[in-house]
Amino acid sequence: MKREKLSILGIGPIYVGIIIILTNILVFLQNKGYFKSGIVPFLKIPFMIIGIACMLVGIVLWVSAVFQSKISRNIKEMKLVTTGVFAFVRNPIYSAFMFCCWGASFISNNLYFLFTIPFYWGLLTVLIKKTEEVWLKEIFGEEYIAYCKRVNRCIPWLSRDTK
């Protein structure tokens, strides 16, 4: 059975909710005195720089996807967007939140919080593969499959030309 339309939100609220809640819990617990042994004073400035950079990447991804690529309109019109920020990452809105939460983890200057990097990436990968990628393959077929071969799922990167 072929899908007639796509969800504007997709799995976004589930994924974003999980990572924002987990990031806030970690920061809250650290502020209450937990995870002290993970704080490394000499990494404070490098982690702050990395954290701010992650947050800036997140903001740029989100603004580019929502405003420049007008993703909501394209979803309603059942168009596969492969230009703009979508030429660098297939899921820029989800990736934006992932990068912002990573940024908060780095800014917290706690080595224990680095587990969020593979966890948030892995969670996003699993959720996307089980839901939206299935739906998009049903709707767009070979066009979407070719797009997947060129563009990373979660981490922005230059397109891999498969010609």
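About the criteria used
Residues numbered from 1 in each chain as written. Predicted model: local features only at pLDDT ≥ 70, side-chain atom pairs only at ≥ 80, totals over all residues. Heavy atoms only, no water. UniProt positions renumbered as here; feature names shortened; annotations may be inferred. Helix = DSSP H or I, 4+ residues; strand = E, 2+ residues; numbered from the N terminus. Buried < 20%, exposed > 50% of the residue type's maximum accessible area, 1.4 Å probe, protein only. Contact = heavy atoms within 4.5 Å. Areas by Shrake-Rupley, 256 points an atom, 1.4 Å probe, with all protein chains shown as cover. Lys, Arg positive; Asp, Glu negative; His and termini not counted. Charge placed at Lys NZ, Arg CZ, Asp CG, Glu CD. Core = buried A, V, L, I, M, F, W, Y, C linked by side-chain atoms within 4.5 Å.

As recorded in an unreviewed UniProt entry, the chain goes by Isoprenylcysteine carboxylmethyltransferase family protein and comes from Parvimonas parva. Here the chain is described in UniProt, under the heading Subcellular location (unreviewed entry), as follows: "Endomembrane system".

Chemist: Describe the overall build of the chain, naming the residues involved and giving the relevant values.
Modeler: Looking only at helices and strands, the chain features 7 helices and 0 strands. Its helices and strands taken in sequence order, the chain reads α-α-α-α-α-α-α from the N to the C terminus. Along the longest, intermediate and shortest principal axes, the C-alpha atoms of the chain span 50 × 30 × 25 Å. Looking at the chain as a whole, 39% of its 163 residues are labelled buried. For the chain, contacts bridging at least 24 residues in sequence account for 80% of all contacts bridging at least 6. Accessible surface, the chain: about 9,500 Å² in total, of which carbon and sulfur atoms supply 69%. Placing the 19 positive and 8 negative side-chain charges of the chain at their respective mean positions leaves the two points 10 Å apart.

Chemist: So what about the UniProt feature "transmembrane region" (unreviewed entry) in the chain? Which residues, and what values?
Modeler: Sequence positions flagged by UniProt for "transmembrane region" (unreviewed entry) are, in local numbering, residues 7-27, 47-68, 80-105 and 111-128. Summarising residues 47-68: 100% helix, 0% strand, and an end-to-end C-alpha distance of 30 Å. Secondary structure content for residues 111-128 is 72% helix and 0% strand, while the C-alpha to C-alpha distance between its ends is 28 Å.

Chemist: Before we move on, can you summarise the nonpolar core with the specific residues and values?
Modeler: Core analysis: the biggest nonpolar cluster contains 36 residues, and Tyr15, Phe86, Met98, Tyr120, Leu124 and Tyr144 have the highest contact counts within it. A total of 7 residues in this core trace back to one element, the largest contributor, which is helix 4 (residues 92-107). Apart from the residues lying within four places of it in its own chain, the contact partners of Tyr144 are Leu80, Arg90, Glu133, Leu136 and Lys137.

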